[in-house]
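Here are the chains, one letter per residue:
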Amino acid sequence: MTNSIREIPVSEAFLIIGSNTTENHPVIGSMIKNEVIRKGKKLVVVDPREIELAKYADVYLQIKPGTNIAILNGFMHVILRDGLEAKEYIKTRCEGFDELAATVKKYTPEYVAEICGLDDPEKIVEAAHLLAKTSPMALYYCMGITQFRSGVNGVKSCANLQMILGNLGVAGGGVNPLRGQNNVQGACDMGALNAVYPAYQKVPDEAMKEKFEKAWNATGLSLKPGFTIVESLNAAIAGDVKALYVFGENPVMSDPNQHHVIEALEALDFLVVQDIVLTETAKYADVVLPGFSFLEKEGCVSNTERRVQKMNRVVAPVGDNREDWWIIMQLANRMGHPWKYEKAEDIFEEIRQVTPSYAGITYERMEKELIQWPCPTEEHPGTQYLHKDKFSRGLGLLSGIEYTAPAEEVDPEYPIILTTGRLLEHFHTGTMSRNSRILDAIVPEGYIEVNPNDAQNLNVVDGELVAVSTRRGSIRIKVKVSRRPKDNVVFIPFHFYEACANKLTIDALDPGCKIPEFKVCACKVEKIAV
Amino acid sequence: MGNGNITLTINGEEVTAQKGQTILEAARGNGIFIPTLCYHQKISKTGACRICVVKINDRMIKTSCTEPVTEGMKVETEDEEIVEIRKGILELLLAEGDHNCLYCDANGDCELQSLCYRYGIEPSGSDFPKNTREIDYDSSYGLKRNENRCILCGRCVKACAEIQVKNVWSFAGRGSHAHLTSDISEKIGDSSCVACGTCVQMCPTGALSFQQVLGKGQAWELTKSSSICIYCGVGCKIDFYTNREGQLVKALGCDDGPNNGHLCVKGRFGFDFVQSDKRLKKPLIRKNGNLEEASWDEALDLVVSKFSGYKEKNGPDSIMSFSSAKCTNEENYLLQKFMRAVIGTNNVDHCARL
Amino acid sequence: MILVNDIQNVVDKWGNDSENLMLIMRELETKSGKNQVDKDTLQTLAAVMNIPESTVSGFVDFYTMFKKHPRAKFLIRVSKSGPDHIMGARDVFDFIEEYLGIKPGETTADGVFHLEACECLGVSSVAPAMMINYDIHGNLNRESLKKIFDAYRKKEPSFKSDCGPETYADACIIDNGKQTKRLLAAIGTVKAESIDSYVQNGGYAGLKKTLKECKPEDVITVVKDSGLRGRGGAGFPAGMKWSFVTKGDMQKYVICNADEGEPGTFKDRILMEGNPHAVIEGMAICGYAIDASIGYIYVRGEFRKSIELLQNAIDQARAKGMLGRNILGSGFDFDLFIKEGGGAYVCGEETSLINSMEGERGYPRFKPPFPGGAGFKNLPSNVNNVETFASVPMIMERGADWYKEIGPTNCSGTKLYCLSGKMKNTGLIEMPMGTTLREIINDFGGGMKGGKKFKFAHVGGSAGGILGEDLMDLPLDIDQTTKAGVTLGSGVVLVADEDTCAVDYLLQIMSFFEHESCGQCVPCRVGTSQLHHILKKFANRTAKKEDLDVLIKKATLMQKASLCALGQSPILPIRTMLKYFKDEFIRHCDPGYSCPECDRSLKRYYSGAGH
């Protein structure tokens, strides 16, 4: 998030796009509901499913999955057409406006309504006006923006909109991605990415290589970016990747096109899995290393608003398990690197040395202060919102982004759009939530959400078992007839191994950031003959 | 005093408060105790339980939770008459419901109990009839409800309306027949409740309680420690309670975190996997096609020998690692350092995109 | 079951805002044909209005006029409040049981009638009374009841009221030429249905004069000078109240409290039904004074006829330009709307009334903030009683000095006294403030009915005090009554004779308070229930003498600690009743003591299912 959770009350309007906030980030969802329902703040919701927030929206736009860029361009078209942009802000703080203006020119409400499958183009105008005329307006998005072949462009479009409205770098505004896991922010910050070191310092940079060789007392750091997850699976099948070390992940469940993932794991010579339970992935492992659960370990995590918080040991560890950092250190030690950490804080002290945005953060400050990176020095209060007076790159870059269709569109054989996501009661691959008794009891099994019209066309009823197939695989799953999905769109949560959504999803990737297109593929739903 | 400050006298002592504060807030700000039941700082004021009454300027009796401070005001928080009123109210409450601490989940953690103790309330021996209200222990996986322990303070109604913003609870009935309803007289488990548990966390008595998560423990046997929720990226801070056996018992939202004490159903109830019997307890090594328990040395040495082998033979880039968005900064840092500095590859990624 | 489309239409008609919930609910209930708003209807309504189900449910549950369970085509509500109790409500129940075969809560086998007990219907001069759907009938006896029920069997339910002629405004006034008529002068002269008739009789002259000659602050000065004090019961100076309304650019509201629920009171109903324009005119003047462009009259849901006549008057006033934009070319805008009650005495408390207007449960709000600062929709609002507003036009027209000519210095003007109970004549009279009980009973009541002996008068309503012989010459004005430890309240004078049992009567009063407590604050919710319980013990002769102390102790706690006036009130009837009839209570402590009155009430109201 460019901005902070505590700014929610400062925002006068919200654009929620591609985020089922009340289910996936419920605490933030409630805060937004509070502003909208109880204080009359404005709300525009864009989502293919009629999520709870849609009920309270001033304008709700039920778009076809994969058409975010079109609708955002549509908003910008109306804003520029009607002269509602923040002219001074654009002039002084941005560049590339002409290109953007030229691009959005053709995205008339009518054209966009056509792409997005909306009946009433006027609602696009209404939404655009509302968003432009109420400030500060905060844009919140989640995987419904990013998990597309055009994910990076979706994010850029969000930034475009907020820049032309002057909503970046102001309290209560911002482009606010809601992070889906408790430390996905931190894992990125720490350089658990193929092309960057901690704090997004670039791998193919001699200076960085030198910096880290010195800091780590190491030699021969590679200048070549590594594989991303999905690329590495392809490389495994091709025989280029021989060994895989999976630490706290469950790719068999979480990655698209499960069949392909399993094929890759089977192609490996050696698989190590470090986890807390025997996950679906661990079942393919050669070595399984039992780690600590979150309540057994100490360390820190960074939340969606860049706030770094301390985790503490609450319960004694089980069995003969070891701290995860100890396990990694042991591997390093046994490979000839004499790392010596005695506790998590020792590692964090090293992190501060090489991670400028974390340099001013200490365990002591975390316990006492609300502290958000960037925080370069111990005297620095941290940063509530980014891009305050200028963007990190100087001028904000507006870029013209064209809508592109998803990789797989419906055809007579696979006539229905499948989209996937999470439920309130479960999390990701279910390793934790499905092993929690109450959560598992509340929602014990998966289902496919089918619109009543589609259910009628398919001749299926609530609770009936159906076969759902894509070009990649097929599952059997119960029908839940629901008004939530748009006509001809079905939704399956991906938490359930018994009816695994990712057997169906497509492994098409965004060319830039390699995010898979989980949110849209073509499927067919068939009644199972008795 | 200027600067919007107000001077008043509480129990004969001059204290300073801010303009717009209530007497209760001023008193608490100055370390003076006034009992409360319906009041809770996270929700709007109710003024219904009347237990926080104080005497103003020797004559008016007002609820301190609603009455604003004024310059020169004289407040007595606990004179004989006020104590008499408080006792009277507590007696009414005890007579209204079924407040038998012996059988109550909230024993030791009950605001009504502690006030009755403070004011020395004895069983009245009166024969006033009690309305029998709803007991619903089964319909919800998360919440239990025993309205015979309810004092109708309305905290749950407001918690649901103002914090979770779901409005599952409302009052129904009227007068002595007033009671709670969820949706339109639904059982809580059949209602639109999302089991965030905020109402339970704010209930001052045992009327609302959590379904037992793991073994039981009574309030005074539990140990509290805080950590951060493991699920989504909001980073809610949670106070976890463990019993003497070290078992996790319950989770309450912590006020210090970005969540301001609020939680969702996952943060509230999704922690017992930590002590589930599905947990791995020893390293495993695949032998003859099966994963078999092994010692740490055996397991670590095997990994090291394999990694060293591939690094040597196929080059560092033949080894890949997936790091974890569910693990700490320290762990993620160390894994990427391991891959980069020890293996010599940038083959590290995690599920940021999944 | 009501169809989704029908529900949608009703919501569209009244407006999709929870402040219209009462009107929507009322129409849905009528549409049901069974006097019911069932769960399915409520669920659909919540979905259509996009408001929480719990809100709708909690709302319906608060107002006794609505029920989720089916009742019948015709719903009979028989009042059991004080005046009706004294005048024979129990006989009415007895007859209904005999003739229709139903007790409260039951439906006739043919599904035509359902019986409920209710509280005062605002027609106490013709008690005992009942309401069938929205038609009120008084002076009930075996013959009239039979005739009424037989007639209803042939009728179809209608949303329009069809009340008995005995309840009409002019029929409820004691006209013996001895009154000091100001408010009542127009009743019977002016046609309630006709604005022209009102204007011909000098109506709207006060408003015209005000708009032409006065600045808003001048109006407040005149009203202050006149000494007009609130006629709802609390007696707060009206001009002062107006001056407390926050000034500024925000929307402000004038609210007329026409939730006349105090048992024994019926004056506001008569003003609304006999001379509705006076209320409208008074509110418009107030609107001008406090810079409010919108007014609401919150009328008891039971007063269907008042609502109809008021609505007609509002429509006419709008058409005549007395309401709406730029009234009489003055640039002053003021419009008026009716809000309805749903059967809750506590909504007569001004903050409960405001909550009810907003579509909430009628819980009183803590004060401060007062409505003048944060009232309807949390905006500045001035709430006054019907009689208060109706007094305003003449004050503006004739001046403060003229108004003050009558009545004591600090309680100027006339007062409407509502006479009910065991007098020869009952009805409404208008006399200078400070008329005594003796004058009222002798000069207007025509003495005790049937030559019986006076036992006590309950003055001010259920929340008022009991007056015995010793207070016969107490001037019944706002201050003198308070000084004497009683209250004038809304002007109820209910007279009981020697046949009335003090215990039995107080039992009904305590039953009333328990029934009407909103249940929000602890002292009142539990206290009213306990007081009622103690009275039951006296009535069935199981009480001990010490229970009298408990009674006083509990009621005193309630007086000190309750959130609103309802819980603070029971001490007054209890203390004053015991002042005169403590011995009678002590006699009831003897299990062998015979009391047919108590026995009858116990059998009627406290036996069978649910007790």
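Not measured: the values here are computed from a predicted model.

## Let's talk about the overall build of chain C
Counting its regular elements, chain C contains 25 helices and 13 strands. For chain C, the spread of C-alpha atoms along the three principal axes comes to 75 × 60 × 45 Å. Expressed as a percentage of its 611 residues, the buried residues of chain C come to 65%. A sequence separation of at least 24 residues applies to 72% of the contacts in chain C between residues at least 6 apart. Counting only carbon and sulfur atoms, one obtains 50% of the accessible surface of chain C, whose full area is about 20700 Å². Charged side chains of chain C number 74 positive and 77 negative; the gap between the two group centres comes to 2 Å.

## With respect to the sheet that holds strand β6 (residues 175–177) of chain A
Residues and elements named next belong to chain A. A sheet is described by the order of its strands in space; here five strands give the open sequence β3-β2-β1-β5-β6, paired in parallel fashion. Among the strands making up the open sheet, the edge pair consists of β3 (59–61) and β6. Strand-to-strand twist across the sheet, computed as the mean angle between neighbouring axes with direction ignored, equals 15°. In this structure, strand β2 (residues 42–46) lies alongside β3, joined through three bridges in parallel fashion. By the bridge assignment, Val-45 is partnered in β3 with Tyr-60.

## Quick notes on helix α13 (residues 276–290) of chain C
Residue and element names in this part refer to chain C. Under the 1.5 Å per step criterion, the end-to-end length of α13 is 22 Å for 15 residues, consistent within 8% with the ideal 21 Å. α13 sits mainly inside the fold: 15 of its 15 residues count as buried. Two residues or fewer past α13, Asp-291 is found with a positive phi of approximately 65°.

## What about the nonpolar core?
General note: in soluble globular proteins, nonpolar side chains tend to be found buried as a group. By size, the foremost hydrophobic cluster in this structure holds 182 residues, and its most contacted members are Tyr-140 of chain A together with Met-25, Leu-45, Ile-76, Phe-149 and Phe-585 of chain C. Broken down by element, this core gets its largest block of residues, nine residues, from helix α20 (residues 502–516) of chain C. If near-sequence neighbours (up to four positions away) are discounted, Leu-45 of chain C is found in contact with Ile-7, Val-11, Leu-21, Ile-24, Met-25, Leu-28 and Val-56 of chain C.

## Some points on the interface of chain A and chain B
In this complex, chain A contributes 147 residues to the contact, which on the side of chain B involves 108 residues. Counting each side, the surface lost to burial between chain A and chain B is near 11100 Å², with a carbon and sulfur contribution of 65%. The largest contributions to the chain A side of the interface with chain B come from Arg-334, Met-335 and Ile-438 of chain A, which together make up 6% of the buried area. Our count for the chain A to chain B interface comes out at 10 salt bridges. When the shortest N-O distance is used, the salt bridge between Lys-337 of chain B and Glu-350 of chain A registers 2.7 Å. Across the chain A-chain B interface, the total number found is 60 residue pairs in polar contact (both at pLDDT 80 or more). The class makeup of the residues in the side of chain A that touches chain B is 83 nonpolar, 35 polar and 29 charged.

## Side note on the pattern of salt bridges
Scanning the entire structure with this criterion turns up 107 salt bridges over all chains. Where Arg-49 of chain A meets Glu-449 of chain A, a salt bridge forms, and the shortest distance between an N and an O atom there is 2.9 Å. Placement of Arg-49 of chain A in the loop between β2 and α3 (52–56) and of Glu-449 of chain A in strand β16 (residues 447–450) is noted, with a sequence separation of 400 residues between them. Each member of the pair Arg-49 of chain A and Glu-449 of chain A is classed as buried. The shortest N-O distance in the salt bridge between Lys-297 of chain A and Glu-331 of chain B comes to 3.0 Å. With Lys-297 of chain A in the loop between β11 (287–290) and β12 (299–302) and Glu-331 of chain B in helix α8 (residues 329–343), this residue pair bridges two chains. Salt bridges sharing partners connect three or more residues here, namely Asp-91, Asp-94, Glu-97, Arg-600 and Arg-604 of chain C.

## Some thoughts on the confidence of the model for chain A
Residues with a pLDDT of 70 or more make up 100% of chain A, whose mean pLDDT is 94. No element of chain A has a lower mean pLDDT than helix α14 (residues 251–254) of chain A, which averages 88, and none a higher one than β2 of chain A, which averages 98.

## Let's talk about the environment of Gly-253 of chain B
Residue and element names in this part refer to chain B. Residue placement: Gly-253 occurs in strand β13 (residues 248–253). Judged by relative accessible area, which is 6%, Gly-253 ranks as buried. C-alpha of Gly-253 to C-alpha of Cys-38: the two residues are 215 residues apart in sequence and 19 Å apart in space. Here Gly-253 is in contact with Gln-201, Lys-237, Asp-239, Asn-259, Gly-261, His-262, Leu-263 and Arg-268, once residues within four sequence places are set aside.

## As for the side chain of Ser-226 of chain B
Inspection of the secondary structure puts Ser-226 of chain B in strand β11 (residues 223–228). Among the polar contacts made by the side chain of Ser-226 of chain B, one reaches the side chain of Asp-239 of chain B at a distance of 2.7 Å. Excluding residues that lie within four positions of it along the chain, Ser-226 of chain B makes contacts with Asn-312 and Val-314 of chain A together with Lys-237, Ile-238 and Asp-239 of chain B.

## As for the interface of chain B and chain C
Tallying the contact residues gives 42 residues for chain B and 46 residues for chain C. Counting the surface lost from both chain B and chain C, the interface buries some 3500 Å², and carbon and sulfur atoms represent 57% of this. It is Leu-92, Arg-174 and Ile-184 of chain B in chain B that bury the most area against chain C; as a group they hold 25% of the surface buried on that side. Here chain B and chain C share six salt bridges between them. One salt bridge connects Arg-525 of chain C with Glu-96 of chain B, and the closest N-O pair in it is separated by 2.7 Å. Counting only elements with at least two residues in the side of chain B that touches chain C, the list comes to β4 (60–63), α2 (80–96), β8 (169–172) and β9 (179–182) of chain B. With nine residues, the single largest contributor to the side of chain B that touches chain C is α2 of chain B. Of the residues in the side of chain B that touches chain C, the class split is 19 nonpolar, 12 polar and 11 charged.

## What to know about the domain arrangement of chain A
Accessible area lost upon the coming together of the parts is a frequently used measure of interface size. Residues and elements named next belong to chain A. Examined at the domain level, chain A breaks down into domain 1 (5–178), domain 2 (184–368) and domain 3 (416–527). Here the C-alpha centre of domain 3 lies 30 Å away from the C-alpha centre of domain 2. Listed per partner, the contact involves 16 residues of domain 2 and 19 residues of domain 3. Looking at the side of domain 2 facing domain 3, the largest losses of area belong to Met-253, Pro-256 and Asn-257, adding up to 38% of the total buried there. Summed over the shared surface of domain 2 and domain 3, the number is one salt bridge. Viewed at the interface, domain 3 and domain 2 are joined by eight residue pairs in polar contact (both at pLDDT 80 or more). Elements supplying a minimum of two residues to the side of domain 2 that touches domain 3: α13 (229–238), α14 and α15 (258–267). For the side of domain 2 that touches domain 3, the element with the highest residue contribution is α15, accounting for three residues. The class makeup of the residues in the side of domain 2 that touches domain 3 is four nonpolar, eight polar and four charged.

About the cut-offs
Residues numbered from 1 in each chain as written. Chains lettered and ligands numbered in written order. Predicted model: local features only at pLDDT ≥ 70, side-chain atom pairs only at ≥ 80, totals over all residues. Heavy atoms only, no water. Helix = DSSP H or I, 4+ residues; strand = E, 2+ residues; numbered from the N terminus. Buried < 20%, exposed > 50% of the residue type's maximum accessible area, 1.4 Å probe, protein only. Contact = heavy atoms within 4.5 Å. Areas by Shrake-Rupley, 256 points an atom, 1.4 Å probe, with all protein chains shown as cover. Lys, Arg positive; Asp, Glu negative; His and termini not counted. Charge placed at Lys NZ, Arg CZ, Asp CG, Glu CD. Pairing = 2+ DSSP bridges. Axes fitted to C-alpha atoms, helices over the stretch in contact; angles between N-to-C directions. Expected span 1.5 Å × (residues − 1). Core = buried A, V, L, I, M, F, W, Y, C linked by side-chain atoms within 4.5 Å. Buried area = accessible area lost by both parts, 1.4 Å probe. Salt bridge = Lys/Arg side-chain N within 4 Å of Asp/Glu carboxyl O. Polar contact = N/O pair within 3.5 Å; in protein donor to acceptor, adjacent residues only side chain to side chain. Nonpolar A, V, L, I, M, F, W, Y, C, P; charged D, E, K, R; others polar. pLDDT = per-residue confidence, 0-100. Domains from an automatic or database assignment.

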